[in-house]
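Architecture at a glance
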Amino acid sequence: VDALMICPPSDSVLPTVCSLCEEAEVYWCITLRSINDEEIKAMCEASPYYVGNCYEDEVNTGYLVGKYLGESGAKKIAIITTTKGDTTGDAREAGLAKACEEFDMEIVGEARALAQASDVTNAVESFLSANADLDAVFCVGTTVTGVQEISVKAVQDSGREGVQVVCIDHPEGITSLFETGILTYSVGTPSFALDMYVCAVKLVNAAQGTPISGSIEGKSTNSVDMAEIRTVEEAKAYEEAGTNPEYVFFEEEVLQQ
């Protein structure tokens, strides 16, 4: 192998990855993640085989969801999130905490490291039964596929009105979920493939001997802006683009430049 793309669960795995890639003389980059630990970041950037990363500002993303909830009048929120120590989950929660302080909101329930669909259903049911005045369930992050759909259904089945579901990472079937009136806000990367696309360009150039220059010699870091969806119409436009096999990220002319 000439190049390796990795989406690390935490910064702690990176020293090993860096060492293995140097030993094997394999170029590598990080997709969908930033490096939060400054010491580890400096070590990676000093390696001749690390070519950079492409990521989203997860702290700001968490804040955006919290800001939306605060402006909609929410006061009590329950979250479905990752285990403590997960790079992305921790960053999103930090952004949410900032919004909670700003808009005087309270996190009244947490469900972490869920493993399967039934865990999500049980978590939402528990949030609802324990909090008669719950305003929202926020899907911060999880490895369970379809967490947004499962959460919406659990709220629907409960018969509780006024409880909204919000999420990071646009779900499959986003239009139909917005049409329920329960999913009210979704924010996510314009495409899950975009970070990998950018990283592939970095890796191919490095492996071919034409590295892309950046702020660090021979390396570059890129942040992708998140897309907010608040209406059925916006959900429909996103879904139509995402299911169009002819859709291209960049025109040929732009790529050549």
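Just so we're clear, the structure is a prediction, and the values are computed from it rather than from any experiment.

1. What about the sheet that holds strand E8 (residues 183-188)?
Here we have 6 strands laid out as an open sheet, ordered E5-E4-E6-E7-E8-E10, and mixed in their pairing. In the strand order of this sheet, the two ends are held by strand E5 (106-112) and strand E10 (227-229), each with one partner. Strand after strand, the sheet turns through a mean of 15° between neighbouring axes, direction not considered. Pairing geometry for strand E7 (residues 164-168) and E8, over 4 bridges, is parallel. Across the sheet, the residue bridging to Val165 is Leu183, located in E8. Here helix H3 (residues 58-71) sits on the sheet and contacts strand E4 (76-81), strand E6 (136-139), E7, E8 and E10; the angle it forms with E7, its principal contact strand, is near 160°.

2. Overview of the sheet that holds strand E2 (residues 27-31)
Remark on secondary structure: sheet strands pair via backbone hydrogen bonds, oriented parallel or antiparallel. With parallel pairing, 4 strands are arranged side by side in an open sheet as E1-E2-E3-E9. Of all the strands in the sheet, just strand E1 (3-6) and strand E9 (220-223) have a single pairing partner and so form its edges. For this sheet the average axis-to-axis angle between neighbouring strands, irrespective of direction, equals 15°. Sheet contacts for helix H1 (residues 14-24): E1 and E2; angle to E2, the most-contacted strand, approximately 155°.

3. Section: the pattern of salt bridges
Using the criterion set out here, one finds 9 salt bridges in the structure. We note a salt bridge from Arg92 to Glu58, for which the minimum N-O separation is 2.8 Å. Of this pair, Arg92 sits in helix H4 (residues 87-103) while Glu58 sits in helix H3; the two residues are 34 residues apart in sequence, bridging distant segments of the chain. Residue Glu58 is classed as buried on the basis of its relative accessible area of 8%. For Arg230, the salt bridge is made with Glu228, and the minimal N-O distance between the two is 3.2 Å. Arg230 sits in the partly exposed class, given a relative accessible area of 39%. Note on Glu228: relative accessible area 33%, which makes it partly exposed.

4. Focus: the pairing of E1
Bridge count between E1 and E2: 4 bridges; the pairing is parallel. Paired with Met5 across the bridge in E2 is Cys29. Read from E1 through H1 to E2, the crossover connection turns out right-handed.

5. Remarks on helix H6 (residues 147-158)
The terminal C-alpha atoms of H6 lie 17 Å apart, and with 12 residues this matches the ideal 16 Å at 1.5 Å per residue to within 8%. All of the buried residues along H6 are Val147, Gln148, Ile150, Ser151, Val152, Ala154 and Val155. Where H6 is buried, its residues contact E4, helix H5 (117-130), E6, E7, helix H7 (174-179) and E8. Directly beyond the C-terminal end of H6, a positive phi value near 80° is found at Gly159.

6. A word on the side chain of Arg92
The class for Arg92 is buried, based on a relative accessible area of 6%. In this view, Arg92 contacts Glu58, Gly62, Val140, Gly141, Ile168 and Asp169; residues no more than four positions away in its chain are not counted.

Cut-offs used in this document
- Residues numbered from 1 in each chain as written.
- Predicted model: local features only at pLDDT ≥ 70, side-chain atom pairs only at ≥ 80, totals over all residues.
- Heavy atoms only, no water.
- Pairing = 2+ DSSP bridges.
- Helix = DSSP H or I, 4+ residues; strand = E, 2+ residues; numbered from the N terminus.
- Axes fitted to C-alpha atoms, helices over the stretch in contact; angles between N-to-C directions.
- Contact = heavy atoms within 4.5 Å.
- Salt bridge = Lys/Arg side-chain N within 4 Å of Asp/Glu carboxyl O.
- Buried < 20%, exposed > 50% of the residue type's maximum accessible area, 1.4 Å probe, protein only.
- Right-handed = clockwise from strand over helix to strand, strands pointing away.
- Expected span 1.5 Å × (residues − 1).

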